[in-house]
Amino acid sequence: MLGVWLLLWGGLALGCRGETAFLRRADDSTGRCTYSFTVASPVEAACPDAGGVPELRAELAALATRLSRLESRERGMGGSGPRGGEAGGAQDPQQAAPATRLEAAYGELLRAKCALLQQEGAPGSQPRHWRFGGQQSSVEPPKGSEGRSGGEAGLAQPLLMLCLAPTTAPRWDAQPLTYQELQSERTEVPASRLLEETALGRPESEDSAGCGELVWVGEPVVFGQADSIAGKYGVWMKDPEPVPPFTRETTWRVDTVGTEVRQLLQYEVAEQLAQGYPSKVHILPQPLESTGAVVYRGGLFFQPRRSRAVARYDLRGEAVTAEKEIPGAGYHGQYPYSWGGYTDIDLAVDETGLWVIYSTEKARGAIVLSKLDPETLEIRQTWETNIRKRGVANSFIICGTLYTVSSYSAPNATINFAYDTATGTSRALSIPFKNRFRYLSMVDYNPTERQLFAWDSFNMVTYPIRLSQA
């Protein structure tokens, strides 16, 4: 108490002389409460030689140099950082020695920084800037000093905490760590394999098995492109129930621009279709009309040019095996889809079999559906809808339900109507459907692939779909 009173009386006496004094009460590094009394010098602006600071600075600079050299040697022997050996292996004693020296130098440097911080901790002292191993460090006076910026104060506080911690430097574990190296590899994958894994040939999953109502159509996926004007519109397909020697991989294509369309292109593997090189070209005995053809159970079903008939071309025997007229069916531009193209008669395949989509004078242009026998082409049953054929761009059948597309050129079209043959009723829909290339000339459903196959302005595309659970 006597010391406190002396300090107070001394401050009062100095105050009477017009000089400013500071009394500071704080815990020291051991946690003991101490009182310190300071007064500014009336004649000296700074104390460059006080407290042995130059000696500490010189020692600190020497330690920084040693630390930089040890870091360089460590990088030269073991790479960048503690990475040199394999994970879990024994450490080489020759590599451990530089790490030990580096650790000791780091501890010594830390103690020197703390001593310097305490030496320069007097009120009114200015921050000192040092460079250690290429990085600049700011050593500040303790909290309460004048002239400190916010960023510098944030750096000084951790240093003070280190000085209050035990004097032993934290140990740096020089054991090698395990790093996962990233390696770029290129693997050539045949397109036939991509067909099995992507939208075109995705295997059926449990949630896609069975019939249901169409609830979603995905973005179109481009699989191939025609390279001549004859492919402005066309038809491409795969047989959902192939007959040997053909497989589910075999793909068929017809470019339908022209007056004498007779060429049926056969592709055994997917690479051939993507590259535009067919394995065989079938020449049909009579030209076909428009884009309504399908392949089913080893036969090509098509509408012969300028007729209301449907024919079956056997792909193995390469001959027409059946041909039947569809009674009253319009043809050659009488009841086409909205885009034209003589699409009066359109064939389709779904889980239940072979269908023909058309219209008649009796139906006054409304869509008529007939179920066909795939061998004889006899009509098994017929349904007359209330959907005007010229009012839709195209149509397809899934699980006995007819679905229509609203536009062949609008980029954001819809699946706008559905007609259920099981109930004989129709309903309006609004399922988004993208016309990416704005000239949709063909849409067909493949029940095995569970995809829509389409021809959109030279491009052969597929659409993933989703059905509701039945």
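Residues numbered from 1 in each chain as written. Predicted model: local features only at pLDDT ≥ 70, side-chain atom pairs only at ≥ 80, totals over all residues. Heavy atoms only, no water.

Considering the overall build of the chain
1) Next: Scanning the chain from terminus to terminus reveals 6 helices and 25 strands.
2) Next: Residue burial in the chain is summarised as follows: out of 470 residues, 42% are buried.
3) Next: Within the chain, counting contacts between residues at least 6 apart in sequence, those at least 24 apart form 52% of the total.
4) Next: Of the roughly 25,200 Å² of accessible surface on the chain, a fraction of 51% belongs to carbon and sulfur atoms. (Helix = DSSP H or I, 4+ residues; strand = E, 2+ residues; numbered from the N terminus. Buried < 20%, exposed > 50% of the residue type's maximum accessible area, 1.4 Å probe, protein only. Contact = heavy atoms within 4.5 Å. Areas by Shrake-Rupley, 256 points an atom, 1.4 Å probe, with all protein chains shown as cover.)

Considering the pattern of salt bridges
1) Next: Under the definition given, this model contains 10 salt bridges.
2) Next: Among the salt bridges present, the one from glutamate 378 reaches lysine 324, with a minimum N-O distance of 2.9 Å. Placement of the pair is glutamate 378 in the loop between strand 17 (366-372) and strand 18 (379-388) and lysine 324 in strand 14 (residues 319-325), with a sequence separation of 54 residues.
3) Next: When its relative accessible area of 40% is taken as the criterion, glutamate 378 is described as partly exposed. (Salt bridge = Lys/Arg side-chain N within 4 Å of Asp/Glu carboxyl O.)

Considerations on the nonpolar core
1) Next: Trp236, Met237, Trp252, Leu264, Leu300, Phe302 and Leu315 are the most contacted members of the largest nonpolar core, which has 27 residues in total.
2) Next: Those elements that provide at least two residues to this core are strand 7 (234-238), strand 8 (251-255), strand 9 (263-267), helix 6 (270-275), strand 12 (299-302), strand 13 (309-314) and strand 24 (451-456).
3) Next: Once residues lying within four places of it in the same chain are set aside, the contact partners of leucine 300 are Met237, Leu264, Leu284, Ala293, Val294, Val295, Ala311, Arg312, Tyr313 and Leu315.
4) Next: Of all hydrophobic cores here, the second largest spans 21 residues; its members include Leu214, Tyr403, Val461 and Leu467. (Core = buried A, V, L, I, M, F, W, Y, C linked by side-chain atoms within 4.5 Å.)

A look at unusual backbone geometry
1) Next: In this chain, proline 244 is followed by proline 245 through a cis amide linkage whose omega measures 10 degrees.
2) Next: If you trace the backbone, proline 245 turns up in the loop between strand 7 and strand 8.
3) Next: In this model, serine 290 sits at a positive phi of 60 degrees, which is unusual for a non-glycine residue.
4) Next: Tracing the sequence through the fold places serine 290 in the loop between strand 10 (280-283) and strand 11 (294-296).
5) Next: One non-glycine residue, serine 457, lies in positive phi territory at about 50 degrees.
6) Next: Structurally, serine 457 is set in the loop between strand 24 and strand 25 (459-467).

Structural notes on the pairing of strand 17
1) Next: Burial runs high along strand 17: 7 of the 7 residues are buried.
2) Next: Sheet topology note: the strand 17/strand 18 ladder contains 6 bridges and is antiparallel. Among the inter-strand pairings, leucine 372 is bridged to a residue of strand 18, identified as isoleucine 379.
3) Next: From the end of strand 17 to the start of strand 18, which pair antiparallel, there are 6 residues, and leucine 377 there has a positive phi angle of about 65 degrees. (Pairing = 2+ DSSP bridges.)

So, the environment of aspartate 255
1) Next: Relative to the assigned elements, aspartate 255 resides in strand 8.
2) Next: Along the primary structure aspartate 255 and glycine 234 are separated by 21 residues, whereas in three dimensions their C-alpha atoms are 4.5 Å apart.
3) Next: Not counting residues up to four positions away in its chain, the partners in contact with aspartate 255 are Ser228, Ala230, Gly231, Tyr233, Gly234, Val261 and Trp455.
4) Next: One polar contact links aspartate 255 to arginine 253, side chain to side chain, over a distance of 3.0 Å. (Polar contact = N/O pair within 3.5 Å; in protein donor to acceptor, adjacent residues only side chain to side chain.)

Looking at the side chain of arginine 450
1) Next: When you line up the elements, arginine 450 lands in the loop between strand 23 (440-446) and strand 24.
2) Next: Among the polar contacts listed, one links the side chain of arginine 450 to the backbone oxygen of glycine 210, at a separation of 2.6 Å.
3) Next: A polar contact of 3.4 Å, which involves the side chain of arginine 450, links it to the side chain of tyrosine 445.

Looking at the confidence of the model for the chain
1) Next: In this model, the chain carries an average pLDDT of 76, and 61% of its residues clear a pLDDT of 70 or more.
2) Next: Scored below 50 in pLDDT, residues 79-91 makes 18 contacts in the model with residues more than four places away or belonging to other chains.
3) Next: Contacts from residues 164-208, a stretch scored under 50 in pLDDT, to residues over four places away or in other chains number 58 contacts. (pLDDT = per-residue confidence, 0-100.)

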